[in-house]
Amino acid sequence: MESSLDSGYDYDGIPVNSSDFGEEDSCGYGEAGDSQWLELTVYPLLLLQGIVGNLMSIPVLVRISRNSWSTVMYLALLTGTDLIILLIRCGGAWYDTLMMVKLSQQIMNSSDAVCKTYMFAFTLIKHVSPWLTVAISVEMMIATRWPWKTYVMCTAERSRYVLMLITIIIVCLDINFFWTYGAPVLEMGCRYTEEFSEQFREWIWPALDNAVELVLPLVTVSVCFFLTATTMIRRPVAREHDMGAEMEKYFFELGTLRDFRTICLVVCLVFICLHTFQVIYHVINFLYMKGYLHMDCAAYRSFDETVLDIGTTLTYVFYGAKIYLYLALSSAFRTRVRQGLSYLLAKLRAVSKYLCKCGTQWIPISLQETSPAPRPPADLLLVRADHSGEASTISAENRPRGEPFHQSKGEGSARAGADLDGRALGDTRGQSPDRHEVMPLQAIGTKV
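Because the structure is a prediction, the values reported are computed rather than measured.

Asks: Help me out: how do you make sense of the overall build of the chain in this one?
Replies: A count of helical and extended segments in the chain gives 16 helices and 5 strands. Of all 448 residues assigned to the chain, the portion counted as buried reaches 38%. A total of about 25800 Å² of accessible surface is found on the chain, and carbon and sulfur atoms cover 63% of it.

See below:
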């Protein structure tokens, strides 16, 4: 049974030769599948949930890791890698279906350097992500079986060494992309260029890729999960209480450590289920590709699309929904999320007040020129007093030209009225009898 599936291993959808571009196989895999509704409706929601949830989780997890447990730092890094993979895979699939444009291929086809770097960087992140879960499962097992060694073995310094070791090993494994992939001719795009290593392309690299990404992490996490679960089940409650009293001497937030130990246990369990599903799918796909599994083309296509859609959707949910697990099982996480949201709301209120204040101060000149002048209040009266002691009230429009006057706003204190009285009347000796002084109504008192 010949199809394009027999042409080589699927390197995340990147074609390995020119005949793979736009070519439909006998099973119709070049056509748009029946899962377009899933990519147009469900994927955007998963993408939005993953972006918001992961961006909220990363700073909170980093803060918690400084005071409680180095394993929380692995969770923060795992959240970052999950976000990147979700953006590239889930976002790329949604954009491809919506716009009918393969965004990743357009980026890689832009130049030879971008092709090599993009393939290397994405494969590196894809391989590092499961090994972060391996590190989480190992420290979870240590914290459960040998809790008195947690403050010695599960430290921030050791976690940095572990991350450095994982990164170096994965870089050495994936560095082959710099000479096996490229875009020598931009019209042909990014592709597999090492023509003399078909055995590496067909057998060696698929075996290494599946072993590093699926098989070895699955086996390691399964063993650590089994040992942790059996220890938690068999340990007496009194023994757990005594160990907790001893660990309080070394940990400031022992309750947070216990909460995240439960979270790590759930994360490892979901990881085992998803990767077991993927291993079974890849085994069936490999047997069909090599001709060991004989199946009708239409039946296999239906099976492949159904299983792939279910597995991919569940994986995207796992990438973006960890924040609900943190909120449900960790009181420290909930507290810090509330503090962060309160801080952001306070900042937003301060910024909005500042913008409103600036909006009232900076009025356009054109509006200032065309706006009518404000009318004086109704109770603003002008009082004219001559030297005979008689006083009369006049309006602002009927005031004699050139005469000074004092304005009264209607409700001043007695002291303010007395001050105005002294300033308005003052000492009239030596002044012309024709001189008139205008004084406020309050200053006259009951005389008016």
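Asks: Could you clarify how one ought to interpret the packing of helix α10 (residues 254-289) against helix α12 (residues 322-329) in this entry?
Replies: A pair of packed helices is captured by two measures, namely the crossing angle of their axes and the spacing between those axes. Direction vectors running N to C along α10 and α12 enclose 145°, while the axes themselves pass 10 Å from each other. The hand of the α10/α12 crossing is right-handed. Of the residues in α12, those touching α10 at D259, F260, T262, I263, V266 and V267 are L325, Y326 and L329. Here the residues of the contact of α10 with α12 sort into 7 nonpolar, 1 polar and 1 charged.

Asks: What am I meant to see in helix α8 (residues 198-234) here?
Replies: Each full turn of the α-helix corresponds to 3.6 residues, which orients residues three or four apart in the same direction. Spanning 37 residues, α8 covers 52 Å between terminal C-alpha atoms, matching the ideal 54 Å at 1.5 Å per step. If you look at α8, its biggest bend is around 50°, right at A211.

Asks: Please clarify how α12 should be interpreted in this entry.
Replies: Every buried residue of α12 is listed here: K322, I323, L325 and Y326. For α12, the angular spread of the buried residues around the axis is 160°, confining them to a single face.

Asks: Explain the pattern of salt bridges here, please?
Replies: Pairs can form between side chains of opposite charge whenever their charged atoms are close. Counted by the stated rule, this structure contains 5 salt bridges. With its nearest N and O atoms 3.1 Å apart, the salt bridge here joins K102 to D96. For K102, a relative accessible area of 45% translates into the label partly exposed. Members of the salt-bridge network, linked through shared partners, are K126, D209 and E213.

Asks: Please clarify how the state of the cysteines should be interpreted in this entry.
Replies: A covalent bond between the sulfur atoms of two cysteines is referred to as a disulfide. Under the criterion given, the structure shown has 1 disulfide. Bridging C115 to C190, the disulfide has an S-S length of 1.7 Å. Handedness of the C115-C190 disulfide follows from its S-S torsion of about 55°: it is right-handed. Taken as a pair, C115 in helix α4 (residues 112-145) and C190 in the loop between β1 (181-182) and β2 (191-192) lie far apart in primary sequence, 75 residues in all. Given the relative accessible area of 0%, C115 is considered buried.

Asks: Would you mind going over the packing of aromatic side chains with me for this structure?
Replies: The description of an aromatic ring pair uses the distance of the two centres, along with the angle that the planes make with each other. Summed over all chains, the structure comprises 8 aromatic pairs. Look at F177 and Y181: their rings are 5.6 Å apart centre to centre, the planes differ by 40°, and that puts the pair in the tilted class. Between F318 and Y319, the ring centres sit 6.4 Å apart and the planes meet at 45°, which makes this aromatic pair tilted. Within the aromatic cluster, the residues linked to one another by ring pairs are F260, Y326 and F333. Here the basic side chain of R145 rests over the ring of W146, its NZ or CZ set 5.4 Å away from the ring centre. A cation sits over an aromatic face here: K322 above F318, 3.9 Å from the ring centre.

Asks: Any chance you could explain a nonpolar patch on the surface here in plain terms?
Replies: Together, W203, I204, L208, V283, F286, L287 and Y292 line one region of the surface with nonpolar side chains, adding up to about 650 Å² of accessible area. As for its placement among the helices and strands, L287 is situated in helix α10.

Asks: What is the right way to read the confidence of the model for the chain from this model?
Replies: Here the chain shows a mean pLDDT of 74. Residues at 70 or above account for 67%. Put simply, helix α16 (residues 441-444) is where the chain has its lowest mean pLDDT, 45, and α12 is where it has its highest, 92. Segment residues 1-11 is flagged for pLDDT under 50; beyond a separation of four residues in sequence, or across chains, it makes 32 contacts in the model. Here residues 378-397 scores under 50 on pLDDT; set against residues more than four positions off or in separate chains, the count is 55 contacts.

Asks: I would appreciate a short explanation of the side chain of K116 in the present structure.
Replies: Following the sequence through the fold, K116 ends up in helix α4. In this structure, K116 is buried with no salt-bridge partner, the nearest side chain bearing the opposite charge being D112 at 4.1 Å. Within the structure, the side chain of K116 is placed 2.6 Å from the backbone oxygen of Y181, a separation counted as a polar contact. Ignoring any residue separated from it by four or fewer positions in sequence, one finds K116 in contact with F177, F178, W179, Y181 and G182.

Asks: I'm lost on the nonpolar core in this one. Help?
Replies: As a rule of thumb, nonpolar side chains are buried together in soluble globular proteins. Core analysis: the largest hydrophobic core is formed by 63 residues, its most contacted members being L61, W69, F260 and F333. A total of 12 residues in this core trace back to one element, the largest contributor, which is α4. Once residues within four sequence positions are removed from consideration, F333 is found in contact with S57, V60, L61, I64, I323, Y326 and L327.

Asks: How do you make sense of the environment of F120 when you look at a structure like this?
Replies: Tracing the backbone through its elements, the reader meets F120 in helix α4. On the accessibility criterion, F120 (13% relative accessible area) is buried. The contacts of F120, once residues within four sequence positions are left out, are V171, D174, I175, F177 and F178.

Conventions adopted
- Residues numbered from 1 in each chain as written.
- Predicted model: local features only at pLDDT ≥ 70, side-chain atom pairs only at ≥ 80, totals over all residues.
- Heavy atoms only, no water.
- Helix = DSSP H or I, 4+ residues; strand = E, 2+ residues; numbered from the N terminus.
- Buried < 20%, exposed > 50% of the residue type's maximum accessible area, 1.4 Å probe, protein only.
- Areas by Shrake-Rupley, 256 points an atom, 1.4 Å probe, with all protein chains shown as cover.
- Axes fitted to C-alpha atoms, helices over the stretch in contact; angles between N-to-C directions.
- Left-handed = near helix turned anticlockwise from the far one by under 90°.
- Contact = heavy atoms within 4.5 Å.
- Nonpolar A, V, L, I, M, F, W, Y, C, P; charged D, E, K, R; others polar.
- Expected span 1.5 Å × (residues − 1).
- Bend = angle between axes of the 7 residues up to and from the residue.
- Arc of directions from axis to C-beta.
- Salt bridge = Lys/Arg side-chain N within 4 Å of Asp/Glu carboxyl O.
- Disulfide = S-S within 2.5 Å.
- Phe/Tyr/Trp six-rings, centres within 6.5 Å; stacked < 30°, edge-to-face > 60°.
- Lys NZ or Arg CZ within 6 Å of the ring centre and 35° of its normal.
- Patch = residues over 30% accessible without salt bridge, like charges linked within 9 Å, V, L, I, M, F, W, Y side chains within 5 Å.
- pLDDT = per-residue confidence, 0-100.
- Lys, Arg positive; Asp, Glu negative; His and termini not counted.
- Polar contact = N/O pair within 3.5 Å; in protein donor to acceptor, adjacent residues only side chain to side chain.
- Core = buried A, V, L, I, M, F, W, Y, C linked by side-chain atoms within 4.5 Å.

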